[in-house]
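Summary of the model geometry
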Amino acid sequence: MKLLIKNGRVIDPAQNRDGIFDILCVDGKVHRVEKKISLLGSDENPAQPVRGAGVRGAPEAPPTIIDAKGLVVAPGFIDLHTHLREPGYEYKEDLKSGTEAAAAGGFTTVLCMANTQPVNDNAVITEFIVRKAREVGLVRVVPVGAISKGLEGKSLAEIGQMADAGIIGVSDDGRCVMDSALMRKAMQYARGFNLLVISHAEDEDLSGPGSINEGLVATELGLPGSPNAAEEIIVARDIALAELTRARLHVAHLSTRGSLDLVRAAKKRGVAVTCEVTPHHLMLTDEAVRGYRTEASMRPPLRSAEDVAALRKGLKEGVIDAIATDHAPHASFEKEVEFVKAAHGLVGLETALPLCLKLVEEKVIRLPDLVSLLSTRPAKIAGFKGRGTLKVGSEADVTIFDPEEKRKIDASRFRSKSRNTPFDGWSVKGRVHYTLVAGKVVYE
Ligand SMILES: [Zn+2]
């Protein structure tokens, strides 16, 4: 199986490559990356079968050719943080609709969180997710196992058995592990199985209902806010525990300046800590909640302008390792309710690239930095060998997009089953043209 991508601007941060190249993919791998690859009439691959060349059967099928002129060809995007909702909440999303949304957004690998029903806290559920995602056959789905049984924060989930079944990390995401001794134990286990520990950092006693930032907007709206400290207390604790256990810690959806300072300082000390931010925490402040807009209700909440400025600075400096969507689909009846009762989160897979391209346009980061934050560095964090790069021999997971195409975000056209986004109707630039997984076109 051959596929040739021609004339695209190949951006591969892992190799410091940014230029016009052709890429030939053979049997799911990157086979050649050169200035010009011509298959027709070359010695290696004659266009016509040579007469009398033997009785080896039919000539090879001609390669698929993608003309990527004017487009960016990047290693496939890797989302470290999605909620695909299956099993249990298929009315919000399922493995098929969720991976269709991922493919449409340019993602070739997604990590899915454990807060399904039943919870992914044992190998049976992990195996179900892995098998079902394979049957759907679009993008690569890698489950994250729960830290605690039932996400209840009381006793450890079956971490070792889930590791055998295919999880690459553990997290109670959606909930915070409030018991520090349990979190320590989880880190010790995780280290033994070489798993990533992903922290949803939120002191639940302090955050309360917690889907709006504590500050002027919350006061004016008369809503109970969650202070930055609710996040920073747990970030500090988990860094301390990572130092104690030497586990690999990844801070999910980091949202405050203080958390960023903690991560920056820990990295300087050599702690194995990484962090992600979401596009919405980079694009919106708590002002977006005015009018009691439940599309902007989330945990951690949208923060102040100073926090957003600090996160953008953190991106520029490289302290932030990845951009992750925290894709959190909810049905409209769960959002069209009183603010404090609304489900938290927003769908993000299909809006991540155009939103992030605004950061490039506003000169916060350069385009190769963005590719790195969406692909190269997430691959490294998750420990995916042969992904996050277009090196010869790596997986032919490729995202091909036009960074300049102007359009409007239209939630009614999402592949996702859910429409909960505060970005509906936004004017953006950037569209994914093709998504390839193992050399196969999964979105066009
Ligand atoms: Zn979370």
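Residues numbered from 1 in each chain as written. Predicted model: local features only at pLDDT ≥ 70, side-chain atom pairs only at ≥ 80, totals over all residues. Heavy atoms only, no water.

Regarding the overall build of the chain
Counting secondary structure elements, the chain contains 13 helices and 16 strands. Taken over the C-alpha trace, the chain has a radius of gyration of 22 Å; the compact-globule value for 444 residues is 22 Å, and the two agree within 12%. Judged by the C-alpha coordinates and their principal axes, the chain covers about 80 × 45 × 45 Å. Within the span of the chain, comprising 444 residues, buried residues form 59% of the whole. Within the chain, contacts between residues at least 6 apart in sequence are counted, and of these 75% link residues at least 24 apart. Total accessible area computed for the chain in this model is approximately 18200 Å², and 51% of it derives from carbon and sulfur atoms. (Helix = DSSP H or I, 4+ residues; strand = E, 2+ residues; numbered from the N terminus. Rg over C-alpha atoms; globule rule 2.2 N^0.38 Å. Buried < 20%, exposed > 50% of the residue type's maximum accessible area, 1.4 Å probe, protein only. Contact = heavy atoms within 4.5 Å. Areas by Shrake-Rupley, 256 points an atom, 1.4 Å probe, with all protein chains shown as cover.)

Quick word on the nonpolar core
Side chains of nonpolar character tend, in soluble globular proteins, to be buried together. In terms of nonpolar packing, the biggest core is built from 101 residues, with Val263, Leu315, Ile323, Leu370 and Phe401 touching the most fellow members. Apart from the residues within four sequence positions on either side, Ile323 is in contact with Val277, Pro279, Leu282, Leu315, Cys356, Leu359, Leu370, Leu373 and Leu374. Among the nonpolar cores identified, the runner-up in size contains 18 residues, and Ile5, Cys25, Val33 and Tyr434 belong to it. (Core = buried A, V, L, I, M, F, W, Y, C linked by side-chain atoms within 4.5 Å.)

Some points on the confidence of the model for the chain
Model confidence for the chain is summarised by a mean pLDDT of 94, while 95% of its residues fall at 70 or above. Taken as a whole, residues 43–55 scores under 50 in pLDDT and shows 6 contacts with residues more than four places along the chain or in a different chain. (pLDDT = per-residue confidence, 0-100.)

Some points on the coordination of the zinc ion
Around the zinc ion, the donor atoms from the protein are Asp173 (OD), His200 (ND1) and His253 (NE2), and they sit 1.9 to 2.2 Å away. Look at His200 and you get buried, because its relative accessible area is 6%. (Donors = N, O, S within 2.8 Å, 3.2 Å for Na, K, Ca; no water.)

Observations regarding helix α1 (residues 95–104)
Of all the 10 residues making up α1, 8 are buried; the element is thus mostly covered by neighbouring parts of the structure. Within α1, burial applies to Leu95, Ser97, Gly98, Thr99, Ala101, Ala102, Ala103 and Ala104. Two or three places before Lys96, at the opening of α1, Asp94 has a side-chain oxygen 3.0 Å from that residue's backbone nitrogen. Residue Gly106 follows α1 closely and has a positive phi angle near 90°. (Polar contact = N/O pair within 3.5 Å; in protein donor to acceptor, adjacent residues only side chain to side chain.)

Comments concerning the sheet that holds strand β10 (residues 196–199)
Across the sheet, which stays open at both edges, the 8 strands sit in the order β6-β7-β8-β9-β10-β11-β12-β13 with parallel pairing between neighbours. Every other strand in the sheet has two partners, leaving β6 (77–82) and β13 (322–323) as the edge strands with one partner each. Alignment of β10 against strand β11 (residues 248–251), held across 4 bridges, turns out to be parallel. Bridge assignment links Ser199 to a residue of β11, and that residue is Val251. Of the strands in this sheet, β6, β7 (107–112), β10, β11, β12 (273–277) and β13 are in contact with helix α13 (residues 367–382), which crosses β6 at around 70°. (Pairing = 2+ DSSP bridges. Axes fitted to C-alpha atoms, helices over the stretch in contact; angles between N-to-C directions.)

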